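In case you want the letters, here they are:
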Amino acid sequence: MPEIETIFALSSGSVPAGIAIVRVSGPQAGPVLARLSGDLPPPRRASYRRLRDESGAPLDDALVLWFPGQKTATGEDLAEFHLHGGRAVVAAMLAELARQPGCRPAKAGEFTRRAFENGRIDLAEAEGLADLLAAETEAQRQSALVLAEGGLGQLVSTWERTLLAESARLEALLDFSDEGDVGETAPDLSGLVDLRNALKNLEQAPPAERLRDGVRVVLAGPPNSGKSSLFNYLVGREAAIVTPIAGTTRDRIEAPIALDGLPLLLIDTAGLRDETADEVEAIGIARSGAAMAEADILLWLGPAEAAPLNAMVIAARADVEPAGRPGLAVSTVTGMGLPALRESLVARAKAVLPRPGALALNARHRAILRDITAQLDEALGTDDLLIRAECLRLARAHMHALTGRAGVESLLDALFGTFCIGK
Ligand SMILES: Nc1nc2c(ncn2[C@@H]2O[C@H](COP(=O)(O)OP(=O)(O)OP(=O)(O)O)[C@@H](O)[C@H]2O)c(=O)[nH]1
Ligand SMILES: [Mg+2]
């Protein structure tokens, strides 16, 4: 078997910085650490060492850590160098590591991939980790943490135990029926029914994508109704052009914002009108329709009687328009109604997003859950014990795809490729 390559990378943020952490993982981690720092320091203890290159010239004075495998982040021997975070120091260190036998720079996500391959984390945890690194709002961070800490993996283990128990009982029944001993009593399927119902409930879990991309808040209505003005107020800058000319906005404009720690994607649209001679505006209006169709929250700035279903009616430009219109009266000029609008946006967004700390499922999880539920439905729908046993076996195989314990190579490449180098 070819020797596993030892990988290294800068694992802390970009230099220059106060400290730069370079990690080395693989069978050469120990020898490399010993060569550079003169000896192998005691395991799992920060030790102060002068690092020297091959010729004996000093590289840096650093804190070094030695983590012998397998109980390490990657499951392999792991060394960490906490260097002074100057560009030249880090460059010299990386160059020196590249000269070490059996060592090469790590690819994006390779440390995490090794952790997965060595069984230190499951696939869902790796996905959670990817989300955690990308998290920009508090809600995203909390949800990613649930996945990263193995929330889904633990659920799957529980389901698997239920399925294994059912399979074992089935096998026993099948064995007895060979001997003609099987009783008339119908087998108790309540465990499977409970599991199926639990999975169906989980399918209702809020989509993780909303947490990642933001709750879509679309501003729509006739031209000149004040959409872009409100959009700019919520975004906190002049992101969209505002003029008294009807038809100013001609394309959809998106801006991500965080409101009370919740991720929202605000979408301003071209004003809707039936007649326009302007070809560009006509295309813009078609896009407005598409944006409205995919809105999680639709803010309607037009006449209440024309409001789309479930839209939140906003009586905009309330300082100049006649009073008494239905809907929430707001004015971006006087500030009227704006705190109430923010509050109600937060409340509606919360209803769309996963509860803090609750498990959120991405499209991949959801698709696999549906596959598992389909197998369980089939298992429950048949009286043929052999078929039922086979359905349960397939259901278990799908569960393994959730945590990545079944061949999912292309998926792994895609996932780990999204990590940064050094992670
Ligand atoms: N007095 C007052 N004027 C406003 C208010 N909101 C917007 N306006 C004015 O109304 C006009 C149209 O505002 P926009 O925000 O561009 O309206 P819009 O709905 O984006 O218009 P289109 O992009 O053409 O569809 C501009 O002259 C704004 O200055 C408001 O709350 N009070
Ligand atoms: Mg506009």
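The shown structure was predicted, so the numbers you read here are calculated from the model rather than taken from an experiment.

Assigned secondary structure in the chain consists of 14 helices and 12 strands. The C-alpha radius of gyration computed for the chain amounts to 29 Å, which surpasses the reference 22 Å derived for 423 residues by more than 25%, pointing to a less compact arrangement than a globule. Viewed in the frame of its principal axes, the chain has a C-alpha envelope of about 80 × 80 × 35 Å. Looking at the chain residue by residue over its 423 residues, the buried ones come to 45%. By sequence separation, contacts in the chain at least 24 residues apart represent 62% of the contacts at least 6 residues apart. Of the accessible surface of the chain, which amounts to about 20900 Å², a share of 54% is contributed by carbon and sulfur atoms.

With that settled, the discussion passes to the pattern of salt bridges. What the rule picks out here adds up to 21 salt bridges. Here arginine 393 and glutamate 390 are joined by a salt bridge, their closest N and O atoms 2.8 Å apart. Here arginine 393 and its partner glutamate 390 are both found in helix H13 (residues 385–403), three residues apart, which amounts to about one turn of the helix. A relative accessible area of 43% means that arginine 393 is categorised as partly exposed. A cluster of three or more residues bridged by salt bridges with shared partners is formed by Glu5, Glu76, Arg104, Glu110 and Arg114.

This paragraph deals with unusual backbone geometry. The omega angle of the peptide bond from valine 15 to proline 16 is 0 degrees, so this bond is cis rather than trans. In this structure, proline 16 sits in the loop between strand S1 (6–10) and strand S2 (19–25). Within the chain, arginine 44 stands out as a residue other than glycine whose phi angle is a positive 55 degrees. Turning to its location among the elements, arginine 44 is positioned in the loop between helix H1 (29–37) and strand S3 (47–52).

Before going further, it helps to spend a moment on the site of ligand 1. Around ligand 1 sit 22 residues, and of these Lys227, Ser229, Gly247, Arg317 and Asp319 come closest. Note that an oxygen atom of ligand 1 is positioned 3.3 Å from one of the backbone N or O atoms of glycine 271. The side chain of aspartate 319 places a nitrogen or oxygen atom 2.8 Å from a nitrogen atom of ligand 1. Here ligand 1 has 650 Å² of accessible area as a free molecule, and 87% of this is covered by the chains.

A separate point is the domain arrangement of the chain. By domain assignment, the chain separates into domain 1 (6–106), domain 2 (151–206 + 360–417) and domain 3 (211–352). One C-alpha centre belongs to domain 1, the other to domain 3, and the line joining them spans 53 Å.

Looking now at the sheet that holds strand S7 (residues 215–220). The six strands lie next to each other as S8-S9-S7-S10-S11-S12, forming an open sheet whose pairing is mixed. Each edge of the open sheet is held by one strand with a lone partner, namely strand S8 (253–259) and strand S12 (328–329). In this structure, S7 lies alongside strand S10 (residues 297–300), joined through four bridges in parallel fashion. Its bridge partner lying in S10, valine 218 is registered against leucine 298. On top of the sheet, helix H9 (residues 227–235) reaches S7, S8, strand S9 (262–268) and strand S11 (312–315); it is set at about 155 degrees to S9, its chief contact. Packing of helix H10 (residues 279–293) onto the sheet brings it into contact with S7, S9 and S10, and relative to S7 it is tilted by some 140 degrees.

Quick look at the pairing of S2 now. Of all seven residues making up S2, five are buried, and the element is well covered by its neighbours. Two elements, S1 and S2, share four bridges in a ladder whose sense is antiparallel. Bridge pairing in S2 links phenylalanine 8 to valine 24. With seven bridges connecting them, S2 and strand S5 (residues 78–84) associate as antiparallel partners. What sits directly across from valine 24, in S5, is alanine 79.

What follows is about the packing of aromatic side chains. Scanning all chains against the criterion turns up zero aromatic pairs. Its guanidinium or amino end placed over the ring of phenylalanine 111, arginine 23 lies 4.6 Å from that ring's centre, counting from NZ or CZ.

Moving on, we get to the coordination of the magnesium ion (ligand 2). Bound to the magnesium ion (ligand 2) are the protein donor atoms Ser228 (OG) and Thr249 (OG1), situated 2.0 Å from the metal. Here serine 228 is found in helix H9, whereas its partner threonine 249 is found in the loop between H9 and S8, with 21 residues between them in sequence. A single burial state applies to serine 228 and to threonine 249, both of which are buried.

So, on to the sheet that holds strand S6 (residues 103–105). In space, the six strands of this open sheet follow the order S3-S4-S5-S2-S1-S6, with mixed pairing throughout. Since the sheet does not close on itself, it has two edges, and those belong to S3 and S6, each with one partner. Neighbour-to-neighbour, the strand axes of the sheet open up by a mean angle of 30 degrees, direction not taken into account.

All right, on to the environment of leucine 230 then. Relative to the helices and strands, leucine 230 is located in helix H9. For leucine 230, a relative accessible area of 1% gives the class buried. In contact with leucine 230, other than residues within four places in its own chain, are Leu219, Leu301, Ile314, Val330, Thr332, Leu338 and Leu341.

Okay, the nonpolar core next. Formed by 30 residues in total, the largest nonpolar core has its most connected members in Leu152, Trp159, Leu163, Leu369, Ile372, Leu376 and Leu402. Put simply, the parts of the chain that give this core at least two residues each are helix H5 (138–148), helix H6 (151–178), helix H7 (190–203), helix H12 (363–381) and H13. Ranked by residues supplied to this core, first place goes to H13 with eight residues. With residues near it in sequence (within four places) discarded, leucine 152 still touches Ala124, Leu147, Leu359, Leu361, His365 and Leu402.

Cut-offs and rules
- Residues numbered from 1 in each chain as written.
- Chains lettered and ligands numbered in written order.
- Predicted model: local features only at pLDDT ≥ 70, side-chain atom pairs only at ≥ 80, totals over all residues.
- Heavy atoms only, no water.
- Helix = DSSP H or I, 4+ residues; strand = E, 2+ residues; numbered from the N terminus.
- Rg over C-alpha atoms; globule rule 2.2 N^0.38 Å.
- Buried < 20%, exposed > 50% of the residue type's maximum accessible area, 1.4 Å probe, protein only.
- Contact = heavy atoms within 4.5 Å.
- Areas by Shrake-Rupley, 256 points an atom, 1.4 Å probe, with all protein chains shown as cover.
- Salt bridge = Lys/Arg side-chain N within 4 Å of Asp/Glu carboxyl O.
- Near = heavy atom within 4 Å.
- Polar contact = N/O pair within 3.5 Å; in protein donor to acceptor, adjacent residues only side chain to side chain.
- Domains from an automatic or database assignment.
- Pairing = 2+ DSSP bridges.
- Axes fitted to C-alpha atoms, helices over the stretch in contact; angles between N-to-C directions.
- Phe/Tyr/Trp six-rings, centres within 6.5 Å; stacked < 30°, edge-to-face > 60°.
- Lys NZ or Arg CZ within 6 Å of the ring centre and 35° of its normal.
- Donors = N, O, S within 2.8 Å, 3.2 Å for Na, K, Ca; no water.
- Core = buried A, V, L, I, M, F, W, Y, C linked by side-chain atoms within 4.5 Å.

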